[in-house]
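Examination of the molecular architecture
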Amino acid sequence: MSLVSLSSGRDLFMTPGPSIMPDRVLNAMHQPAPNIYEGEMIGMTDSILADLAELAGTKGKVALYICNGHGVWEAAISNLLEPGDSALFLNSGAFGTSWAGIGRTMGIDVEEIDFGRCGPIDSQRVEARLRADKGHRIKAVMTVHTDTASSVRNDIADLRRALDEAGHPALLVVDSIASFACDRYEMDAWGVDVTVTACQKGLMTPPGLGYLLLNDRAQEAANQVPFPSPYWDWRSRIEPEVFYQRFYGTAPTHLLFAQRAALDMIVEEGREVVWSRHAALARAVWAAVTAWGADGPMRCNIDDTACRSHAVTTIRADGHDMARMRRWCEDQAGLTLGLGLGFDLPEYMGGKSVFRIGHMGHMNPPMLLGALATIDTAFKALGLAHGGGAVERAAESLSKASSQAL
Ligand SMILES: *Cc1c(COP(=O)(O)O)cnc(C)c1O
């Protein structure tokens, strides 16, 4: 047992969500309850939905729900599919499989293609599967942009090409929860019909708001579903006759204040700058992992840098207990890291040889370099083999990013 703890100070919570909430977002919630029938709530909500659409690169509509990510997963299925309909779910980590499980429970005829936990979706395989579906039974292809377990980032434009090349009319439905406001996302240009996202990751807001962004094709498909669930039905939410129908009940007042403040920060920074900042921070993490791995077991779970998320990095240290390292960081240093989700197999020590660094949302070099230096300290304190110079490499990487920006 250690006689000292170094952890008194400001804690850093660097799991891939919920992400760090800016003081500006927290402070925005510190006010009395507003009128939920008239006044500022109405314009503020409209402005949130408009800013989200712009951030996603879509001219489509936005439905807002009071729920977490699992809720909007269900909302997407509920609006687009009815029991007995077929849908193809693509898994590249853990989240596609979880979503598919919800579909099965709802009576959807779920087909899943699993691309494993260490690489992206292979669009050629998807194209071949869709070509084989000559009767066009598959109504939707459901996939995840960034799988938060593997930290892979899939090429959605390439997946769209697969649907088009196969001449298949299925809707393309994309979970962008972990990538939204972190990685470039171009809903209309990429041909996405429905985007699923939520407020607690790149959007820097306390958990509780989920969003569906949808185009005309999605609306037409939803109009064919005979008995949509009253709560998830997006129709009144996107075109309300009275304001409360946006929420199907009481407005989530303080989450809206928080979301507005977070979007103000994102709009002030600019989406291109937000994306390039995340890219620079991610590269700094990878540089550190490369240095650690030169004389230790640590490596980025995703080999190809073009397929790596800019929001979260999954690190494998095969045969070594990283749960101990995470425990040290949390107890001794006030730094919370993500656990190895979706790696519960003996070869990954039930997930213990894997950890994740969330670097999404409210994140700058002192926070990130502090976290990397803290992990380095944990390796040293626990005698875990690792290469030297990781923080130096991360600093060099960031310095290059800043000179490119000038
Ligand atoms: C976090 C996350 C979810 C689930 O969100 P919850 O709020 O935990 O329900 C779904 N998909 C992805 C890609 C995520 O990162």
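Residues numbered from 1 in each chain as written. Predicted model: local features only at pLDDT ≥ 70, side-chain atom pairs only at ≥ 80, totals over all residues. Heavy atoms only, no water.

A count of helices and strands for the chain gives 14 helices and 14 strands. Here the C-alpha radius of gyration of the chain, 22 Å, is about what a compact globule of 406 residues would show, namely 22 Å. For the C-alpha atoms alone, the extent of the chain along its principal axes is close to 60 × 55 × 45 Å. Looking at the chain residue by residue over its 406 residues, the buried ones come to 57%. Intrachain contacts of the chain at a sequence separation of at least 6 include 73% that bridge at least 24 residues. With the model as given, the accessible surface of the chain reaches about 16,600 Å², and the carbon-plus-sulfur share is 53%. Of the charged side chains in the chain, 36 are positive and 48 negative, and the gap between their average positions amounts to 3 Å. (Helix = DSSP H or I, 4+ residues; strand = E, 2+ residues; numbered from the N terminus. Rg over C-alpha atoms; globule rule 2.2 N^0.38 Å. Buried < 20%, exposed > 50% of the residue type's maximum accessible area, 1.4 Å probe, protein only. Contact = heavy atoms within 4.5 Å. Areas by Shrake-Rupley, 256 points an atom, 1.4 Å probe, with all protein chains shown as cover. Lys, Arg positive; Asp, Glu negative; His and termini not counted. Charge placed at Lys NZ, Arg CZ, Asp CG, Glu CD.)

If you look at the biggest cluster of nonpolar residues, it comprises 54 residues, and the most contacted ones within it are Leu 90, Leu 203, Tyr 211 and Leu 256. With nine residues, helix α10 (residues 253-269) is the single largest residue contributor to this core. In contact with Leu 90, other than residues within four places in its own chain, are Gly 96, Ile 113, Phe 115, Ile 121, Val 126, Val 141, Met 142, Thr 143 and Leu 159. Grouped together as the second largest cluster of nonpolar side chains are 38 residues, Leu 281, Ala 291, Cys 300 and Leu 337 included. (Core = buried A, V, L, I, M, F, W, Y, C linked by side-chain atoms within 4.5 Å.)

Near the ligand you find 13 residues, and of these His 70, Thr 148, Asp 175, Gln 200 and Lys 201 are the closest. Backbone polar atom of Gly 69 to an oxygen atom of the ligand: 2.8 Å apart, as the coordinates give it. Between an oxygen atom of the ligand and a side-chain N or O atom of Thr 148, the distance comes to 2.4 Å. Relative to its unbound accessible area of 380 Å², the ligand is 88% covered by the protein chains. The greatest single-element share of the shell around the ligand, amounting to three residues, is contributed by helix α3 (residues 69-80). Grouping the amino acids of the shell around the ligand by side-chain chemistry returns five nonpolar, six polar and two charged. (Near = heavy atom within 4 Å. Polar contact = N/O pair within 3.5 Å; in protein donor to acceptor, adjacent residues only side chain to side chain. Nonpolar A, V, L, I, M, F, W, Y, C, P; charged D, E, K, R; others polar.)

Once that is clear, we can look at the domain arrangement of the chain. In terms of domain boundaries, the chain breaks down into domain 1 (12-19 + 270-405) and domain 2 (31-267). Summarising the inter-unit geometry, the C-alpha centres of domain 1 and domain 2 are found 28 Å apart. At the junction of the two partners, domain 1 supplies 31 residues and domain 2 supplies 32 residues. Summed over both partners, the interface of domain 1 with domain 2 buries about 2,500 Å², with 55% contributed by carbon and sulfur atoms. Our count for the domain 1 to domain 2 interface comes out at two salt bridges. In this structure, the salt-bridge partner of Arg 184 is Glu 272, at a minimum N-O distance of 2.6 Å. Counting across the interface, domain 1 meets domain 2 through 19 residue pairs in polar contact (both at pLDDT 80 or more). For the side of domain 1 that touches domain 2, the elements supplying multiple residues, two or more each, are α11 (271-293) and β12 (312-317). With five residues, α11 is the largest single contributor of residues to the side of domain 1 that touches domain 2. Looking at side-chain class alone, the side of domain 1 that touches domain 2 contains 14 nonpolar, twelve polar and five charged residues. (Domains from an automatic or database assignment. Buried area = accessible area lost by both parts, 1.4 Å probe. Salt bridge = Lys/Arg side-chain N within 4 Å of Asp/Glu carboxyl O.)

Right, let's talk about the pairing of strand β9 (residues 194-198) for a bit. Burial analysis of β9 places five of its five residues in the buried class, which makes it a mostly covered element. Residue alternation in β9 divides its side chains into two sets, Val 194, Val 196 and Ala 198 and Thr 195 and Thr 197, and both sets are buried. The sheet contact formed by strand β8 (residues 171-175) and β9 spans three bridges and is parallel. The partner of Asp 175 across the bridge, within β9, is Val 196. (Pairing = 2+ DSSP bridges.)

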